[in-house]
Amino acid sequence: MTNDERKERPAIVTGATQPKQAGEVRDLRGWIERSVWTDRMLTRLAQSGPTTVWFGLWDKVRVPRNLQAAFQAVWRNRGAPGVDEQTVQEFDREAASELARLEEELRTQRYRRQPARRVWIEKMGTTEQRPLGIPAVRDRTVEAALRNVLEPIFEQDFAECSYGFRPGRGCREAVGQVEELLRRGYVWCVDADLKSYFDTIPHEGLMALVQARIVDGSVLTLVEQCLKAGVLEELKGWQPTERGTPQGAVISPMLANLYLNPLDHEMGRRGWAMVRYADDLVVLCQSGEEAEAVLSFLRAWTTGAGLTLHPTKTRIVNATEVGFDFLGWHFRGGKKWPRKKSLQKLQERLRPLTRRTHGQSLGEIIAQVNPILRGWHGYFGNSHWTGLRGPDGWLRRRLRALLRKREKRPGYGLSEADSRRWPNRWFAAQGLFSLEHGSCAYG
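The following paragraphs examine the structure supplied in this document. (Residues numbered from 1 in each chain as written. Predicted model: local features only at pLDDT ≥ 70, side-chain atom pairs only at ≥ 80, totals over all residues. Heavy atoms only, no water.)

**Details of the pattern of salt bridges**
- Applying the stated criterion across every chain, the model contains 23 salt bridges.
- A salt bridge links R138 to E105; the nearest nitrogen and oxygen atoms lie 3.2 Å apart. With R138 in helix α8 (residues 137-155) and E105 in helix α7 (residues 95-107), this pair connects stretches of sequence that are 33 residues apart.
- With a relative accessible area of 8%, R138 lands in the buried category.
- Under the relative-accessibility criterion, E105 is labelled buried at 11%.
- A salt bridge links R315 to D191; the nearest nitrogen and oxygen atoms lie 3.7 Å apart. One end of the pair, R315, is in strand β8 (residues 315-318); the other, D191, is in strand β3 (residues 188-193), and 124 residues separate them in sequence.
- Residues joined by salt bridges that share partners form a network here, namely R404, E407, R409, D418 and R421. (Salt bridge = Lys/Arg side-chain N within 4 Å of Asp/Glu carboxyl O. Helix = DSSP H or I, 4+ residues; strand = E, 2+ residues; numbered from the N terminus. Buried < 20%, exposed > 50% of the residue type's maximum accessible area, 1.4 Å probe, protein only.)

So this is what it looks like as structure tokens:
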């Protein structure tokens, strides 16, 4: 065995069960970046336990094949430029030289992460704004290469109740689990909100969790660079990031999941049914007393972890009476439908396409709004029917107002005469997609 092979071997392997072969791991982990994870590494990954530590990973991060795969992921996601104002397209035009320069900087330990460009985006339905940190394209590429190496290792530890930003899991699975728990009588909900979670994660505690699995000094230094590079904001200049992992960074979702992973496992150990998607979590209970105990524990745990439960958004509700919102849905009385903010987002996307002064033909307008409606229906299609009839009616009223305007008649298309002249069936015949019926047909 060579020295390099010894370095790649996990230093400790405990609690391993019957070893899996590399072929089995590939079936289960088809998302793993194959430019990094060899058959030998996949077998070791399958054999690893919760106390396995990994070193000798630095060469895997900087290998040209991994950097190329990482940039391809960045290119697919597009995104805005960072502080250096270089766009994805500009990086792509010089990709060979840019990636070679990155590899050389990483190999010689001269790579230095630039601060992220901070912008503020509005939070739907509130007067608050949320900070977004946009790394430069080259830094996003390095982060993606780092994620390719680390994510499979941490995925081995993540709990079943965690659904956000994980391969093969997502909103649909999380919503399905909530529905199943409600059907089983877990109707008392602890609706918890972690205040500014991504911006308040303590670096010391987060790095301790990383170091529990990764002992490669160069990799740890790179993770710290990503956390502590700071942000650059127009008019305010450079500001340090002493806490948090900025939203917009490639590895932020993985690190955010890692910091809450101890909570996930502790909730499971106590027998409490939590469903978490990143920092959005609910705990479903069978009694009000259990819900009170859960909330008391969450307050203590978050305080100890340096986090804060939002004082007004965190609450206990009985889902048979009041209901709660989760991942775009409102759950109440054994049913679910799109929450108000989801409807507002849909209307915001449709409103500029359906102005009364829109100059395109009705057919062209329908061709633009239909993909939006189909995509929205793809997620909300199994809503209670009342949740889909409303936005259908709202859109047809706007189109009637547009048609009325073109006839140089005043008003907003709300009269019964307008409904008779352009009935629902008429819009269906023009090809308008109906959310209620899930097609361009009516009835």
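**Side note on the state of the cysteines**
- Taken as a whole and judged by the stated rule, the model has zero disulfides.
- Free of any disulfide, C171 has its nearest cysteine sulfur in C161, 15 Å distant.
- With no disulfide of its own, C285 lies 8.0 Å from the sulfur of C189, the closest cysteine sulfur. (Disulfide = S-S within 2.5 Å.)

**Considerations on the layout of surface pockets**
- A volume near 240 Å³ is recorded for the second largest pocket.
- Contributing to the lining of the second largest pocket are 14 residues, with N77, R78, R140, G248 and V250 lying nearest its centre.
- When residues of the lining of the second largest pocket are traced back to their parent elements, those giving at least two are α5 (64-77), β2 (129-134) and α8.
- Broken down by class, the residue content of the lining of the second largest pocket amounts to seven nonpolar, four polar and three charged. (1 Å grid on protein atoms, 1.4 Å probe; cavity = no way out; pocket = protein on both sides within 12 Å on 5 of 7 lines; lining within 4 Å. Points joined across faces, edges and corners; volume = space filled by probe spheres on them. Nonpolar A, V, L, I, M, F, W, Y, C, P; charged D, E, K, R; others polar.)

**Considering α8**
- Compared with an ideal rise of 1.5 Å per residue, which puts 19 residues at 27 Å, α8 spans 26 Å between its outermost C-alpha atoms and is within 8% of the ideal.
- Along α8, the sharpest change in direction is near 35° and occurs at V149; proline P152 comes one to four residues later. (Expected span 1.5 Å × (residues − 1). Bend = angle between axes of the 7 residues up to and from the residue.)

**Looking at the nonpolar core**
- The biggest cluster of nonpolar side chains holds 73 residues, and the ones touching the most others in it are L150, I214, V283 and L298.
- In terms of residue count, the dominant contributor to this core is α8 (nine residues).
- Ranked by size, the runner-up nonpolar core spans 43 residues in total, among them A278, L284, V317 and A319. (Core = buried A, V, L, I, M, F, W, Y, C linked by side-chain atoms within 4.5 Å.)

**Brief notes about the environment of L235**
- With respect to the helices and strands, L235 occurs in the loop between β4 (231-233) and β5 (237-239).
- Separated by 80 residues in the primary sequence, L235 and R315 have C-alpha atoms spaced 38 Å apart.

**Some details on the pairing of β3**
- Sheet analysis places β3 next to strand β7 (residues 280-285), joined by six bridges and oriented antiparallel. Looking at the pairing, C189 lines up with L284 of β7.
- Direction of pairing for β3 relative to β8: antiparallel, over a ladder of four bridges. By the bridge assignment for β8, W188 is matched with N318. (Pairing = 2+ DSSP bridges.)

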